[in-house]
Amino acid sequence: MKKGFTLLVLAITLIVTAITPILAQDFAFGGAGSASTGFRQSIPLLATASNGATLSNLGVTGAARTPSPAGVLGAGYLNTILATGSGFLPNGNRTSFNVVDLGVGDVDGDGFLDIMAVSDDNSTSRINAPAIPAQTGGVGNIGRVTLFTGIGDGTFGLPVAVSSAAGFSPTSVSMGDFNLDGASDALVGEVSTNGLFTGNFEIFSTGNLASLGVGTPTATTARVASVDFERINDDPFPDVIVALNNSAPGSGTVLVYPTHGQPILSAPTTITTQGSIGFNATAGRLPANRAVAGFQSNLPFPAVGGAVDTDFDIGVATTAGLEVFENTTPQNVTSPTFDPTGVVLAAGNGPIGFLPGDVNGDNSQDLVVINRGSGTVTCYVANSGTPGYQVPRTSVASSQPNSGTFSNFDGDGKADLLIADSLNGVTVLKGGGNGTFTVKTSFGFNKTLEPVANASAVVSGAFETLIGGGTVDDIAVGDGFSGVSPTGLSGGVYYLSGLRGDIPVRLRLFTAISLAADFDGTGGLNDIALMEQ
């Protein structure tokens, strides 16, 4: 009888297995999804707004772009589904995605650009946003580093997210090849979440965001405002540049760490600025994720040790203007040194960001200063063939700019500027090729898509080379928390495809992914389910 019962159970099992493909199945989540689930490649889905309407050209207006024809895929992918439980975890806890900075690079080494987002969801440490509601059940909000791996066609693989160092939240990010392995690494500036504003930074590497090491600035109350990767000394490895937020009016601090390609960094060289970094008397500390950069200056600095001065200097936006510090490191010396006096280039009111780049196509680095107080940008165009800069040119930017990037926005061969504004989304400044810029358009997206209300960063690049993109840049916008929205808490990352007329797509975080199964019983067609954060 026991044998007969066993055969009966086996027969029933085989029958159920045979008819399963035509039955709808339930699902349950049993952990975080990853690339190993087999669903890394994105599957295009037609995007719809939260009111159910199909998204059309809701992106940039008046930008001389041609939107995708009706019926052609415009936006919306496996990992970019819109308005589905935004801001809520499965257990009912509310979270935000308070993005404070973005970076672009090929982190996983597959030849396609990826997007790195750093977010600070802790109300104690964040300074770019209003107070963020805590999660229920006594769970504290944390800082995160999130990688969206580009596939080369405007879609992204399932995001990889790790927490920042225990007790710290991110403030800024810079991309570079720290260990010269051919893939981009992320240098992340951080601040403590205990209210003491001590600073920290980490270097993350490879597609799984392994932490290569942690450094702690030596200054007290050292909230990190801005970071940069640049080769300062004579070895081939990029070094770490850290600008610290001022906690009071007065001089600021920049630290330069020689890396030698090793996770354990040498003692830093300290630069003291005349003006304050990321600070004003009314608001106190301000977000300043583009305050400092290493660049090749065109100032008439003297030769160092008899050699022509072609090394990289340090530029930092302060309340005094753009302060430039000459790199005086002798050849074959790894510990960097700088002229402590510095040169101050006049800018507008409240300089907050510094962007070195080539605005006129002569292969020399020109200088752009973002002025938060006056809502302008100041541009210094390098003289061609001789040291020095032309008379600075000032252009209107936006009401309260705080970050930005150069971009090939309209494909005319002249460098444009994208400016992130904490009040008005993103402003596109069309480059005139001579250091002047004019407002081309501003965009904050349609209300049904949850508008960009607190833009913290904007980056651009050619993300769609696999499908013929690259004639114009694609754009990613980091949106900071701005309050409770109809579908949860605001904040996140928007991706805008240049090839498709800059229709915005929201990049989301996911906490889990199911195995494939026929959930809806449509006749053997496998579905998958995502759980969104």
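Residues numbered from 1 in each chain as written. Predicted model: local features only at pLDDT ≥ 70, side-chain atom pairs only at ≥ 80, totals over all residues. Heavy atoms only, no water.

*Asks:* I tried to follow the overall build of the protein chain on my own but got confused; where do I start?
*Replies:* Helices and strands together make up the secondary structure of the protein chain, namely one helix and 34 strands. Here the protein chain, with 533 residues, has 53% of them falling under the buried criterion. Of all intrachain contacts in the protein chain linking residues separated by at least 6 positions in sequence, the fraction that spans at least 24 positions is 57%. Of the roughly 20,700 Å² of accessible surface on the protein chain, 58% is carried by carbon and sulfur atoms. (Helix = DSSP H or I, 4+ residues; strand = E, 2+ residues; numbered from the N terminus. Buried < 20%, exposed > 50% of the residue type's maximum accessible area, 1.4 Å probe, protein only. Contact = heavy atoms within 4.5 Å. Areas by Shrake-Rupley, 256 points an atom, 1.4 Å probe, with all protein chains shown as cover.)

*Asks:* Any chance you could explain the nonpolar core here in plain terms?
*Replies:* Across soluble globular proteins, nonpolar side chains have a tendency to be buried as a group. The biggest cluster of nonpolar side chains holds 31 residues, and the ones touching the most others in it are Val-254, Ile-314, Val-368, Val-377 and Leu-417. Contributing elements (two or more residues each) for this core: strand E10 (239-244), strand E11 (253-257), strand E16 (313-318), strand E19 (351-357), strand E20 (366-371), strand E21 (376-380) and strand E24 (416-421). Among residues more than four places away in sequence, those in contact with Val-254 are Ile-241, Val-242, Ala-243, Thr-269, Thr-270, Ile-271, Thr-273, Ile-277, Val-292, Ile-314 and Val-316. (Core = buried A, V, L, I, M, F, W, Y, C linked by side-chain atoms within 4.5 Å.)

*Asks:* Could you clarify how one ought to interpret the packing of aromatic side chains in this entry?
*Replies:* The geometry of an aromatic ring pair is captured by the separation of the ring centres together with the interplanar angle, meaning the angle of the planes. Applying the stated criterion across every chain yields a total of seven aromatic pairs. Their ring planes at 75° and their centres at 5.1 Å tell us that Phe-295 and Phe-354 sit as a pair that is edge-to-face. You can see Phe-295 sitting in strand E15 (residues 292-295) and its partner Phe-354 sitting in strand E19, a full 59 residues away along the chain. No difference in accessibility class separates Phe-295 from Phe-354, as the two residues are buried. An aromatic cluster is defined as three or more aromatic residues linked by ring pairs; in this entry it consists of Phe-156, Phe-463 and Tyr-495. (Phe/Tyr/Trp six-rings, centres within 6.5 Å; stacked < 30°, edge-to-face > 60°.)

*Asks:* Quick question: what am I supposed to make of the side chain of Asn-371 here?
*Replies:* Relative to the elements of secondary structure, Asn-371 occurs in strand E20. Within the structure, the side chain of Asn-371 is placed 3.1 Å from the backbone nitrogen of Gly-348, a separation counted as a polar contact. If we ignore the near neighbours within four places in the chain, the residues touching Asn-371 are Ala-347, Gly-348, Asn-349, Gly-350, Pro-351, Thr-376, Val-377, Thr-378 and Pro-401. (Polar contact = N/O pair within 3.5 Å; in protein donor to acceptor, adjacent residues only side chain to side chain.)

*Asks:* I tried to follow the layout of surface pockets on my own but got confused; where do I start?
*Replies:* Left-over empty space is what a probe sized like a water molecule reveals as it rolls over the atoms. Counted as a void, the largest pocket has a volume near 680 Å³. Of all the secondary structure elements, the ones that give two or more residues to the lining of the largest pocket are strand E1 (99-105), strand E5 (168-176), strand E9 (224-230), E15, E19, strand E23 (401-407) and strand E27 (455-461). The biggest single contributor to the lining of the largest pocket is E9, with five residues. For the lining of the largest pocket, the per-class residue count stands at 14 nonpolar, nine polar and three charged. (1 Å grid on protein atoms, 1.4 Å probe; cavity = no way out; pocket = protein on both sides within 12 Å on 5 of 7 lines; lining within 4 Å. Points joined across faces, edges and corners; volume = space filled by probe spheres on them. Nonpolar A, V, L, I, M, F, W, Y, C, P; charged D, E, K, R; others polar.)

*Asks:* Before we go on, may I ask you to explain a nonpolar patch on the surface in this structure?
*Replies:* Together, Leu-466, Ile-467 and Leu-499 make up a nonpolar patch on the protein surface, roughly 260 Å² of accessible area in all. Along the chain, Leu-466 turns up in the loop between E27 and strand E28 (474-479). Judged by its relative accessible area of 52%, Leu-466 is exposed. (Patch = residues over 30% accessible without salt bridge, like charges linked within 9 Å, V, L, I, M, F, W, Y side chains within 5 Å. Salt bridge = Lys/Arg side-chain N within 4 Å of Asp/Glu carboxyl O.)

*Asks:* Help me out: how do you make sense of the pattern of salt bridges in this one?
*Replies:* For side chains of opposite charge, pairing can occur when their charged atoms come near one another. Applying the stated criterion across every chain, the model contains four salt bridges. As a salt-bridge pair, Asp-101 and Arg-290 come within 2.9 Å of each other at their nearest N and O atoms. One end of the pair, Asp-101, is in strand E1; the other, Arg-290, is in the loop between strand E14 (284-285) and E15, and 189 residues separate them in sequence. Neither Asp-101 nor Arg-290 differs from the other in exposure class; each is buried.

*Asks:* How should unusual backbone geometry be read in this particular structure?
*Replies:* Trans is the common state for peptide bonds, and a negative phi is the common state for residues other than glycine. Positioned with a positive phi, Leu-180 is a non-glycine residue whose angle comes to about 55°. In this structure, Leu-180 sits in the loop between E5 and strand E6 (185-192). Although it is not a glycine, Asn-332 adopts a positive phi angle of roughly 65°. Of note, Asn-332 is situated in the loop between strand E17 (321-325) and strand E18 (343-345). Take Asn-332: its relative accessible area is 72%, and that puts it in the exposed class.

*Asks:* I'm lost on the sheet that holds E6 in this one. Help?
*Replies:* Hydrogen bonds between backbone groups are what pair the strands of a sheet, and the pairing can be parallel or antiparallel. The four strands are arranged E5-E6-E7-E8 in an open sheet whose pairing can be described as antiparallel. Two strands bound the open sheet, and with one partner strand each, they are E5 and strand E8 (210-215). Within this sheet the neighbouring strands show an average axis-to-axis angle of 25°, counted without direction. Pairing of E5 with E6, which is carried by eight bridges, proceeds in the antiparallel orientation. Pairing of Phe-168 across the sheet is with Ser-192, part of E6. (Pairing = 2+ DSSP bridges. Axes fitted to C-alpha atoms, helices over the stretch in contact; angles between N-to-C directions.)

*Asks:* I keep staring at the sheet that holds E15 and nothing clicks. Help me out?
*Replies:* Taken in spatial order, the four strands of this open sheet run E15-E16-E17-E18, and their pairing is antiparallel. At either end of the open sheet lies a strand with only one pairing partner, and these are E15 and E18. When the angles between neighbouring strand axes are averaged without regard to direction, this sheet yields 25°. Examined bridge by bridge, E15 and E16 share four bridges and lie antiparallel to one another. Its bridge partner lying in E16, Phe-295 is registered against Asp-313.

*Asks:* Help me out: how do you make sense of the pairing of E24 in this one?
*Replies:* If a strand is regular, its side chains alternate between the two faces of the sheet. A large share of E24 lies buried, amounting to six of its six residues. Along E24, one buried face is formed by Asp-416, Leu-418 and Ala-420 and the opposite face, lined by Leu-417, Ile-419 and Asp-421, is buried too. Summarising the sheet, E23 and E24 pair through six bridges and their orientation is antiparallel. Within the sheet, the bridge partner assigned to Ser-403 lies in E24 and is Ala-420. As judged from the five bridges shared by E24 and strand E25 (residues 425-431), these two strands associate in the antiparallel manner. Each bridged residue has a counterpart across the sheet, and for Ile-419 the counterpart in E25 is Thr-427.

*Asks:* Whenever I open this one, the pairing of E16 confuses me. Can you help?
*Replies:* Counting buried residues along E16, six of its six residues qualify, which places the element largely inside the surrounding structure. Burial along E16 is two-sided: Asp-313, Gly-315 and Ala-317 facing one way and Ile-314, Val-316 and Thr-318 facing the other are all buried. Here five bridges tie E16 to E17, and the two strands are oriented antiparallel to one another. Looking at E17, one finds that Gly-315 is bridged to Val-324. In this structure, the hairpin formed by E16 and E17 is closed by a connection of two residues.

*Asks:* What is the right way to look at the environment of Gln-296 in this model?
*Replies:* Relative to the helices and strands, Gln-296 resides in the loop between E15 and E16. Residue class for Gln-296 comes out partly exposed when judged on its relative accessible area of 35%. Expressed as a C-alpha distance, the spacing of Gln-296 and Asp-366, which sit 70 residues apart in the sequence, is 9.3 Å.

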